[in-house]
Amino acid sequence: MTNENKILVLDFGSQYTQLIARRIRECNVYSEIFPFNASFEKIKSFNPKGVILSGSPSSVYDNNAPIPDKMIFKLGIPILGICYGMQLMAHLWGGKVARAPRREYGRSELIIDDDSDLLNGIGEKLKTQNSKFKTIVWMSHGDMIDRCPKDFIPIAHTSNSPVAAMANYKKGFYALQFHPEVAHTEKGIDILKNFLFKVCRCSPTWTMKSFIDTVTQEIREKVIDNKVVCGISGGVDSSVTAVLVHKAVKNQLTCIFVDNGFLRAGEAEKVEETLRRHFHMDIKCIDAAKRFLNKLKGVVDPELKRKIIGNEFIKVFESEAKKIREVKFLAQGTLYPDVIESIPFKGPSAIIKSHHNVGGLLKRMKLKLIEPLRELFKDEVRLLGKELGIPDEIINRHPFPGPGLAIRIIGEVTHERCNILRRADSIVLQEIKKAGLYEELWQAFAILLPVKSVGVMGDERTYENVIAVRAVKSLDGMTADWARLPYDVLEIISNRIINEVKGINRVVYDISSKPPSTIEWE
């Protein structure tokens, strides 16, 4: 992406790396993530105004410790090391890194010894020491800086870390032992802003409007006069993708809406009607429910489900594309978290699960891909959708996985089990909306469990299925906390599901957060 104000984040394997990039973008500065071992030529050609070194599960003393090209320190631009990035900087510049007396994990009180540029305006002044300030930060480390490198000075400390932050003002190098990118660090965003605007001299020029202008031009240059097909799955991501590509190439785009039989109640009709009415798009609706169900017959492994469904989507697209002349491109709504969690192509982050958009692609797909949202987080996609004029009824919908209800049915997916879950899920959403809770939740849905339990209905003993209800709060889907729904709302949901959905006699509520759990059950 062309932009003069760019920050490069080098990924050393931290699960927080994507949050760093996201926080920078919140400040209207564009950022990208490269793997730690990216070549110096690639880093230099990116032409960043500053570099951030991420955290890592590794120690600088590990045999295979991730080490970047040391030439990055000769770029003549500011560098900020975070956690492992700090220890790496100290190690490479002749400082001493040692095992901390005790692992420091969680909230910690940071005492600021030097409130110059990076830590300027951070925290509240200490009453006993007028020149010092304190604030709360989030620590997650086992190693610590025992001795600063030459020309570096400590600028903050905690009770456990004598050097919790350090700086080399001459070189413009800074390092933090804590994580400013996480919400638990009270002034974390202000520290990052100081780095962006006071140290790197960036300007806040990256907005959704500028993103639209840049990406639509890139799509036009890539597509030229060829045709594009776009897969509509019913969710926010594919809808925004379709509208963005349509803005770029107009009638060269044909949208293919595949009803795989795993959509929520009334979803297909609502999305189709909205996109036709507001954007006059050419949409082909394909009823492929039987085809998908046949492919999943006897399949219980969640990864296999995802891959089968992803492959079938592409097969349907290719089949339909053959009916349209000069189609060369397939547009789809792959997001940054999809890429990060599926393929660690930007660094050594652990693979969590395969996503429909990434892991399910056929190796020998005949169409070329257009993924305009590939570098965006979910909240950014919603902002983009608003900028494009997409109605709130689409933009504000809860995220819905590509494989749909198929990965919310634990075990084999059948027509009957889909119908049971669809009815239960509809009740959950109805009551969440009725209680005025929908917009404050990231997701709320039902899961059909592969177990049965004994119950009593009337005077008869029953042995029926169990529904789990899941509701979470989150900013970006990368981390999430279970929602404390009011008991009366849970009671109504439970009563309605048991009374209105035949085959269910028990409802349970999921109270696990991400991590260690994922939001989806499969």
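Residues numbered from 1 in each chain as written. Predicted model: local features only at pLDDT ≥ 70, side-chain atom pairs only at ≥ 80, totals over all residues. Heavy atoms only, no water.

A. Molecular detail of the side chain of Lys-305. In this fold, Lys-305 is placed in helix H9 (residues 302-321). Among the polar contacts made by the side chain of Lys-305, one reaches the main-chain carbonyl oxygen of Ile-409 at a distance of 2.6 Å. Only 2.7 Å separates the side chain of Lys-305 from the backbone oxygen of Gly-411, close enough to count as a polar contact. Aside from chain neighbours lying at most four places away, what touches Lys-305 is Leu-296, Val-299, Val-300, Ala-406, Ile-409, Ile-410, Gly-411, Val-413 and Glu-522. (Helix = DSSP H or I, 4+ residues; strand = E, 2+ residues; numbered from the N terminus. Polar contact = N/O pair within 3.5 Å; in protein donor to acceptor, adjacent residues only side chain to side chain. Contact = heavy atoms within 4.5 Å.)

B. Up close: the pattern of salt bridges. Here the structure, examined in full by the defined rule, presents 25 salt bridges. Close ionic contact of Asp-146 with Lys-96 constitutes a salt bridge, the shortest N to O distance being 3.7 Å. Here Asp-146 is found in strand E7 (residues 133-147), whereas its partner Lys-96 is found in strand E5 (residues 96-112), with 50 residues between them in sequence. By relative accessible area, Asp-146 is classed as partly exposed at 43%. (Salt bridge = Lys/Arg side-chain N within 4 Å of Asp/Glu carboxyl O. Buried < 20%, exposed > 50% of the residue type's maximum accessible area, 1.4 Å probe, protein only.)

C. Up close: the confidence of the model for the protein. On average, residues of the protein score 87 in pLDDT, and 92% of them are at 70 or above. No element of the protein has a lower mean pLDDT than helix H11 (residues 356-359), which averages 42, and none a higher one than strand E3 (residues 50-53), which averages 98. (pLDDT = per-residue confidence, 0-100.)

D. Main features of the nonpolar core. With 91 residues, the main nonpolar core has Val-240, Phe-262, Leu-384, Ile-432, Ile-467 and Ile-497 as its most contacted residues. Formed by 37 residues, the second largest nonpolar core is a distinct cluster that contains Ile-20, Leu-192, Phe-195 and Cys-200. (Core = buried A, V, L, I, M, F, W, Y, C linked by side-chain atoms within 4.5 Å.)

E. Here's a closer look at the state of the cysteines. Using the criterion set out here, one finds zero disulfides in the structure. Cys-27 takes part in no disulfide bond, and the closest cysteine sulfur to it belongs to Cys-202, at a distance of 9.9 Å. Considering cysteine sulfurs only, Cys-255 is the nearest to Cys-285, which forms no disulfide, with 9.8 Å between them. Exposure remark for Cys-285: the relative accessible area of 40% places this residue in the partly exposed category. (Disulfide = S-S within 2.5 Å.)

F. Structural detail: unusual backbone geometry. Residue Pro-515 follows Lys-514 across a cis peptide bond; omega there is -15 degrees. Note that Pro-515 resides in the segment after strand E19 (504-509). Along the chain, Pro-515 connects to Pro-516 via a cis peptide bond; the corresponding omega equals 10 degrees. With respect to the helices, strands and loops of the structure, Pro-516 is situated in the segment after E19. Within the chain, Asn-28 stands out as a residue other than glycine whose phi angle is a positive 65 degrees. Although it is not a glycine, Ile-224 adopts a positive phi angle of roughly 60 degrees.

G. Main features of the environment of Lys-378. Within the secondary structure layout, Lys-378 lies in helix H12 (residues 378-388). Take Lys-378: its relative accessible area is 8%, and that puts it in the buried class. Considering only alpha carbons, one finds Lys-378 and Tyr-336, 42 residues apart in sequence, at a separation of 8.3 Å. Sequence-distant contacts of Lys-378, that is, excluding residues within four places in its chain, are made with Asp-237, Leu-335, Pro-399, Trp-442 and Asp-476.

H. Molecular detail of the environment of Lys-297. Turning to its location among the elements, Lys-297 is positioned in the loop between helix H8 (289-295) and H9. Counting along the chain gives 117 residues from Lys-297 to Thr-414, while the straight-line C-alpha distance between them is 7.3 Å.

I. How the structure looks around the packing of helix H6 (residues 236-249) against H12. With their axes 10 Å apart at the nearest point, H6 and H12 run at an angle of 45 degrees to one another. Taken together, the axes of H6 and H12 lie oblique to each other. Once H6 is placed against H12, the crossing between them reads as left-handed. Two secondary-structure elements touch here, H6 through Val-236, Asp-237, Val-240, Val-243, Leu-244 and Lys-247 and H12 through Lys-378, Val-381, Arg-382, Leu-384, Gly-385 and Leu-388. A class-by-class count of the residues in the contact of H6 with H12 yields seven nonpolar, one polar and four charged. (Axes fitted to C-alpha atoms, helices over the stretch in contact; angles between N-to-C directions. Parallel < 35°, antiparallel > 145°, perpendicular 65-115°, else oblique. Left-handed = near helix turned anticlockwise from the far one by under 90°. Nonpolar A, V, L, I, M, F, W, Y, C, P; charged D, E, K, R; others polar.)

J. Highlighting the environment of Glu-4. Within the fold, Glu-4 resides in the segment before strand E1 (6-11). Take Glu-4: its relative accessible area is 69%, and that puts it in the exposed class. Put simply, Glu-4 and Arg-277 are 273 residues apart on the chain and 38 Å apart in space, counted from C-alpha to C-alpha.

K. Layout of the packing of aromatic side chains. Counted under the stated rule, the structure contains 13 aromatic pairs. Between Phe-12 and Phe-36 the ring centres are 5.8 Å apart and the planes differ by 25 degrees, which places this aromatic pair in the stacked class. Within this pair, whereas Phe-12 is found in the loop between E1 and helix H1 (17-26), its partner Phe-36 is found in the loop between strand E2 (30-35) and helix H2 (40-46), the two being separated by 24 residues in sequence. The two residues Phe-12 and Phe-36 agree in class, both being buried. Taken together, a centroid distance of 5.4 Å and an interplanar angle of 50 degrees make the contact between Tyr-30 and Trp-206 tilted. Of this pair, Tyr-30 sits in strand E2 while Trp-206 sits in the loop between helix H4 (188-199) and helix H5 (208-223), placing them 176 residues apart in sequence. Classification of Tyr-30 as buried rests on a relative accessible area of 2%. Classification of Trp-206 by relative accessible area gives buried; the value is 3%. Counting every residue linked through ring pairs, the aromatic cluster contains Phe-73, Trp-93, Phe-152 and Phe-173. (Phe/Tyr/Trp six-rings, centres within 6.5 Å; stacked < 30°, edge-to-face > 60°.)

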